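Chains, contacts and geometry: an overview
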Amino acid sequence: MSRIGKQELPLPEKVTADIAAGKVTITGPKGSLTLALPPGISVAPDGQVLKVTREGDDAARKALHGMVRSRLNNMIKGVQQPYEKAFEIQGKGWRCEARGASLALLVGFSHPVVFAPEPGIAFTVADQTH
């Protein structure tokens, strides 16, 4: 059995799972995500945990077993907390700064490169290099 696939997936308080017609929908405070299950893989709720099982022991199903469990785990995390990406700027004279809601990068050009955020995105600048 897959070492990853056999692990149970605990569902936190504000997260729910709906399993119907070969699809799993995970819903939480940040939205909902849906995963279509491949043939031979099934998901069953057991109280506040999800269990992923497979029908056979061929190599393809073993690989799918762990992959489906990992994707469901990432979906559970994704509906709870927002996506974050942290950057560190390295280079002599290179820096960043917040200009209102926009992000200005001073990275070797004669002018700053300014990025305006898309709706739902926020920039935070801890210091000139982070």
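Here's a quick rundown of the structure. (Residues numbered from 1 in each chain as written. Predicted model: local features only at pLDDT ≥ 70, side-chain atom pairs only at ≥ 80, totals over all residues. Heavy atoms only, no water.)

1. As for the sheet that holds strand S9 (residues 113-115)
Stated formally: Following DSSP output, two strands are said to pair if at least two bridges run between them. Only DSSP runs of H or I covering at least 4 residues are called helices, and only runs of E covering at least 2 are called strands; the numbering of each starts at the N terminus. With axes taken as lines fitted to C-alpha atoms, and helix axes fitted only over the stretch in contact, angles between N-to-C directions fall between 0 and 180 degrees.
Sheet architecture is open: three strands sit in the order S7-S8-S9, paired in antiparallel fashion. The sheet is open, and its two edges are formed by strand S7 (95-99) and S9, each paired on a single side. Here the strands of the sheet are splayed against their neighbours by 25° on average, with no regard to which way each runs. In this structure, strand S8 (residues 102-106) lies alongside S9, joined through three bridges in antiparallel fashion.

2. Here we look at the sheet that holds strand S3 (residues 23-28)
Selection rule: Working rule for contacts: check all heavy atoms of both residues, and any pair within 4.5 Å makes them a contact.
In space, the three strands of this open sheet follow the order S2-S3-S4, with antiparallel pairing throughout. Here the strands that pair on one side only, and so sit at the sheet edges, are strand S2 (16-20) and strand S4 (31-36). Neighbouring strand axes in the sheet, compared pairwise and without regard to direction, differ in orientation by 15° on average. Two strands pair when backbone bridges link them, and S2 and S3 are joined in this way by five bridges, in the antiparallel orientation. Bridging from a neighbouring strand, threonine 16 pairs with threonine 27 of S3. The strands touched by helix H1 (residues 59-78) within the sheet are S3 and S4, with S4 carrying the most contacts at an inclination of about 170°.

3. Considering the side chain of serine 102
Filter applied, for reference: Accessibility here uses a 1.4 Å probe with only protein chains present; expressed as a share of the type maximum, an area under 20% marks a residue as buried, one over 50% as exposed, and anything in between as partly exposed.
Here serine 102 shows up in strand S8. Using a relative accessible area of 18% as the deciding quantity, one classes serine 102 as buried. In contact with serine 102, not counting residues within four places along its chain, are Glu97, Val114, Phe115, Ala116, Pro117 and Phe123.

4. Observations regarding H1
Defined as follows: To estimate how far a helix should extend, the number of its residues minus one is multiplied by 1.5 Å.
Here H1 is 20 residues long and its end C-alpha atoms lie 29 Å apart, about the 28 Å a rise of 1.5 Å per residue gives. What H1 keeps buried is the set His65, Gly66, Val68, Arg69, Leu72, Met75 and Ile76. Elements in contact with the buried residues of H1: strand S1 (9-10), S3, S4, strand S5 (41-46) and strand S6 (49-54).

5. Describing the pairing of S6
Each regular strand carries side chains that alternate between the two faces of the sheet. Sheet topology places S1 next to S6; two bridges connect them, and they run antiparallel. Bridge assignment links proline 10 to a residue of S6, and that residue is valine 49. Alignment of S5 against S6, held across six bridges, turns out to be antiparallel. Residue pairing across strands places aspartate 46 opposite valine 49, the latter belonging to S6.

6. A look at the pattern of salt bridges
Formally: Salt bridge, as used here: a side-chain nitrogen of Lys or Arg that lies within 4 Å of a carboxyl oxygen of Asp or Glu.
On inspection of all chains with the given rule, the structure shows five salt bridges. Between arginine 54 and aspartate 57 there is a salt bridge whose closest N-O contact spans 3.0 Å. On the basis of relative accessible area, arginine 54 is assigned to the buried category, the value being 14%. Linked by salt bridges that have partners in common, Glu8, Asp46 and Lys51 make up one network.

7. Observations regarding the environment of histidine 65
What counts here: Polar contacts, as counted here, are pairs of nitrogen or oxygen atoms within 3.5 Å of one another; within protein the pair requires one atom able to donate a hydrogen and one able to accept it, and residues that are adjacent in sequence qualify only if both atoms are side-chain atoms.
Within the secondary structure layout, histidine 65 lies in helix H1. Histidine 65 gets classed as buried once you look at its relative accessible area, which sits at 0%. Counting along the chain gives 23 residues from histidine 65 to serine 42, while the straight-line C-alpha distance between them is 8.9 Å. A distance of 3.3 Å separates the side chain of histidine 65 from the backbone oxygen of glycine 5, its partner in a polar contact.

Everything listed here is a matter of coordinates, which is why it stays silent on function.
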